[in-house]
Amino acid sequence: MKKTILGLLAITAVSSASAASYVGGSVGSGATLHYQTDLTGSSAMRYGLNLDATNFNFNNVAIGGSVDYLGDFVGTGSALGGLTPYYGLGLGAGVALGNNGGGVSVYPHGTLGLRYNVTDPLSIFVEGNIGPVITVGSGNSGAYFGSGARIGLNYRLP
């Protein structure tokens with residue numbers, strides 16, 4: 001039993017070590033720094049830290065994070081001139097601070113995007129997301145339909 005568990009741990013370590021990892025950032029509906037790691041050749045997980053200033057008013061700032069599963073639409077790479085379309089499902093959470101009161105929000109969302117590999121370690125992307133936002137706080141509580149868009153880049157780590 002011990003050998004089986006050690007063997008599974010070794011296989012997991014080797015398979016995750018061979019997966020590509022990226023760091024990057026984006027701007028649009030806020031600013032984001034993220035870390036992304038490939039699960040397979042056509043799917044990845046992205047972990048992001050977000051900073052949003054409502055209408056560029058830094059008296060109302062939201063700080064949060066998100067976890068997103070991303071998957072490529074298979075078989076479309078060469079048909080679109082090097083653009084790779086992808087989809088995703090994610091969950092974002094944040095804390096709002098500012099003049100309008102504080103609050104906590106949760107944002108389950110779906111994502112559609114396009115990625116273009118500029119050079120071997122560098123790629124750019126544009127994407128949009130949409131989903132319900134549930135907010136609880138002193139300034140405003142409730143649920144509404146939210147959306148966002150951003151443009152960003154990924155740098156593949158060596």
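Computed from a predicted model, the values in this text were never measured in an experiment.

What counts, and where the lines are drawn
- Residues numbered from 1 in each chain as written.
- Predicted model: local features only at pLDDT ≥ 70, side-chain atom pairs only at ≥ 80, totals over all residues.
- Heavy atoms only, no water.
- pLDDT = per-residue confidence, 0-100.
- Contact = heavy atoms within 4.5 Å.
- Helix = DSSP H or I, 4+ residues; strand = E, 2+ residues; numbered from the N terminus.
- Buried < 20%, exposed > 50% of the residue type's maximum accessible area, 1.4 Å probe, protein only.
- Patch = residues over 30% accessible without salt bridge, like charges linked within 9 Å, V, L, I, M, F, W, Y side chains within 5 Å.
- Areas by Shrake-Rupley, 256 points an atom, 1.4 Å probe, with all protein chains shown as cover.
- Salt bridge = Lys/Arg side-chain N within 4 Å of Asp/Glu carboxyl O.

The next subject is the confidence of the model for the chain. Confidence in the prediction for the chain averages 84 pLDDT; 78% of positions are at 70 or higher. Segment residues 8-16: pLDDT under 50, and zero contacts once partners within four positions in sequence are set aside and those in other chains are kept.

With that out of the way, let us pick up the environment of leucine 33. Looking at the secondary structure, you find leucine 33 in strand S2 (residues 30-40). Look at leucine 33 and you get exposed, because its relative accessible area is 60%. C-alpha separation for the pair leucine 33 and leucine 49, spaced 16 residues apart in sequence, amounts to 5.4 Å. In contact with leucine 33, not counting residues within four places along its chain, are Gly24, Gly25, Tyr47, Gly48 and Leu49.

Where nonpolar side chains cluster on the molecular surface, the patch consists of Val27, Leu80, Leu83, Leu114, Tyr116, Val118, Ile124, Val126, Ile151 and Leu153 and spans about 800 Å² of accessible area. Breaking the nonpolar patch down by element, the ones donating at least two residues are strand S6 (103-117), strand S7 (122-137) and strand S8 (142-156). Here isoleucine 151 lies in strand S8. Judged by its relative accessible area of 53%, isoleucine 151 falls in the exposed class.

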